[in-house]
Amino acid sequence: RADSPIIPPLISSQSKLYSSKNAKASHGKSKKGDPKSKTKSKTGGSSSSVASSTGDDFDSAGADDFEAARARRLVEDENDPSLDVGPNGRPLFTSTPSLSLLTRKDCCSYMKFSEKGLNQVLPEGLPTGMVTEFKESMRPALLVRQSFLDLRDNFRRIVDPPTWSSNAKAPKARKQIVLDGPVSCGKSIALAMLVHWARDEGWLVLYAPRGREWTHGGCFYKNSETGFWDTPIQAENDFLKYNESRLLQLPCQIFDPIRLGEGAGVGFMKGVESMALPEGATLYDLVQMGIKYTHAAVGVVVRLRKELSLVKDVPVLIAIDQYNNWFTFSEYEEPVTVRSCRPIHARELAMVNAFRSMMHEDMMVGAFSHSTAVGKLRLDLPDVPVGARVNMPRYSPDEAATVCHYYVRFAYVDFSLVDYMRAFSRVTWFVVNLLHTLQAKACKKGSILGGKLEKSVLLIQRKRSRDEMVTSFDA
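The notes below deal with the structure included here. If you're wondering where the values come from, they're calculated on a predicted model, not measured in any experiment. (Residues numbered from 1 in each chain as written. Predicted model: local features only at pLDDT ≥ 70, side-chain atom pairs only at ≥ 80, totals over all residues. Heavy atoms only, no water.)

1. Re unusual backbone geometry
- A positive phi angle, close to 65 degrees, is found at cysteine 108, a residue other than glycine.
- Within the secondary structure, cysteine 108 sits in the loop between α4 (63-76) and β1 (110-112).
- The phi dihedral of serine 184 is positive, around 60 degrees, even though this residue is not glycine.
- By the element assignment, serine 184 lies in the loop between β3 (176-180) and α8 (187-200). (Helix = DSSP H or I, 4+ residues; strand = E, 2+ residues; numbered from the N terminus.)

Right under this line is the structure:
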């Protein structure tokens, strides 16, 4: 949600590290003759000693106090750029100010964002993976990946071909792309960043970050005029959240009356079957009609899709996340007999039917979301051009090394602060699994890389020091 903070507020260096309850309990158990207790009492006031003794105090302090200690440490390290070092001494963060200026040199580095800026450019909502990443790392930053740059440059070549050399070794530009790939490989984040870039360039972007909601929940009615099922609650989504200024500049080119259907929970409008647009109406007026009148909401969304195909003054991009939910059955069912119902396919819904097809000349990107699994889909999807499906790769070894440095930098994985099992329960098991996968592939190819990866896995599993772990990743 736009009104909820993405990142929890960091605790200032003046705040307390532990709660008073835990402090009293630990103080009561300590003995006067215990040298350990004397050491703790002497060094408890300095910030450096707190960082060094956090691993010993974590067991009694609990998870909440660990997060507080981590937040305090990040505040103290905020103004120390010498810590922002990635693999092979490279900068961990890129200095490039915008997504448009990113090049191959910026790959395998992180780009910083602002929470306020993301909410302004992506008011429809951020992908779940992005929100989770920001909260866990306590920093709004994302890894610059080559796969995103390829996706961005694909559409840049379509809109502005003169800036690209005809001799460049670039694949043929495609106007329609379906992003597929393994679970949590970054499809939704790449799509959101593409929308961010396109809006920075001044494009008109219709972004649906939760396509599954178009086929689940709310009311559904059979429209006898069109033969499709109307979902008026889903149609009431506000498409003006970011596109208002652009829609005000674009005149409507279709002036046929919009057929009215059933409103959300209120039935048909009495005595009125259609609603006409005034002369000189803009796309803004069209969308406002759907927001104001629930009976016209579905018809307005269907009409908007046709109008977008006719826009020539500004590039138009349609971006749909959870696109795979539009190729299977919806949550709705149609009664057939007294005891049986027929499941309604997503293509039978009016809104999905209007936006699902990629058999056109408009720029459109759909991203599969395997977290909302709908079953395995066939390779050649209906209404999708041949070859439009692109597999997003997992982290490359260089990207994985940068991610590991990033997590260690922000104390997401730090063996000097957290106990062994808690660190492994968060992200280290993912890294170990990744290294095992790379090792298996390397061994199959007969490369000596397998032996080096084996050592990296053992170093992590043996709870080595922070410097040894980073060195193993560099290797």
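2. Concerning the sheet that holds strand β12 (residues 363-367)
- Reading across the sheet, the 5 strands line up as β4-β9-β12-β3-β13 and stay open at both edges, with parallel pairing between neighbours. Edge positions in the sheet fall to β4 (204-208) and β13 (389-391), since each of these pairs with one other strand and no more. Across the sheet, the mean angle separating the axes of adjacent strands is 20 degrees when strand polarity is ignored.
- As defined by bridge partners, β4 adjoins strand β9 (residues 316-321) across 5 bridges and the pair is classed as parallel. Within the sheet, the bridge partner assigned to alanine 208 lies in β9 and is isoleucine 320. (Pairing = 2+ DSSP bridges. Axes fitted to C-alpha atoms, helices over the stretch in contact; angles between N-to-C directions.)

3. Section: the nonpolar core
- One finds Leu286, Tyr323, Trp326, Phe355 and Val384 to be the most contacted residues of the largest nonpolar core, which totals 53 residues.
- Among the secondary structure elements, those contributing two or more residues to this core are β4, α10 (240-249), α11 (283-292), α12 (297-309), β9 and α13 (350-355).
- It is α12 that contributes the most residues to this core, 6 residues altogether.
- Ignoring sequence-local partners within four residues, the contact set of leucine 286 consists of Cys252, Ile258, Leu277, Val300, Arg303, Leu304 and Glu307.
- If you look at the next biggest cluster of nonpolar residues, it comprises 37 residues, including Cys107, Leu191, Val205 and Ala319. (Core = buried A, V, L, I, M, F, W, Y, C linked by side-chain atoms within 4.5 Å. Buried < 20%, exposed > 50% of the residue type's maximum accessible area, 1.4 Å probe, protein only. Contact = heavy atoms within 4.5 Å.)

4. As for the packing of helix α7 (residues 146-159) against α8
- It is the contact of α7 with α8, at a shortest axis distance of 10 Å, that shows an interaxial angle of 40 degrees. By the angle class used here, α7 and α8 are oblique. Judged by the sense of rotation from one axis to the other, the crossing of α7 with α8 is right-handed. The residues of α8 that touch α7, namely those facing Phe148, Leu151, Arg152, Phe155 and Arg156, are Ala190, Met193, Leu194 and Trp197.
- For the contact of α7 with α8, the class distribution of residues is 7 nonpolar, no polar and 2 charged. (Parallel < 35°, antiparallel > 145°, perpendicular 65-115°, else oblique. Left-handed = near helix turned anticlockwise from the far one by under 90°. Nonpolar A, V, L, I, M, F, W, Y, C, P; charged D, E, K, R; others polar.)

5. Some details on the pattern of salt bridges
- Taken as a whole and assessed by the stated rule, the structure comprises 13 salt bridges.
- The salt bridge involving glutamate 124 is made with arginine 199; its shortest N-O contact spans 2.6 Å. Here glutamate 124, found in the loop between α5 (115-121) and α6 (128-137), pairs with arginine 199, found in helix α8; they are 75 residues apart in sequence, far enough to count as distant. Each member of the pair, glutamate 124 together with arginine 199, is buried.
- With its nearest N and O atoms 2.7 Å apart, the salt bridge here joins arginine 342 to glutamate 334.
- What makes arginine 342 partly exposed here is its relative accessible area of 28%.
- Among the ionic contacts, a cluster of salt bridges with common partners joins Arg152, Asp153 and Arg156. (Salt bridge = Lys/Arg side-chain N within 4 Å of Asp/Glu carboxyl O.)

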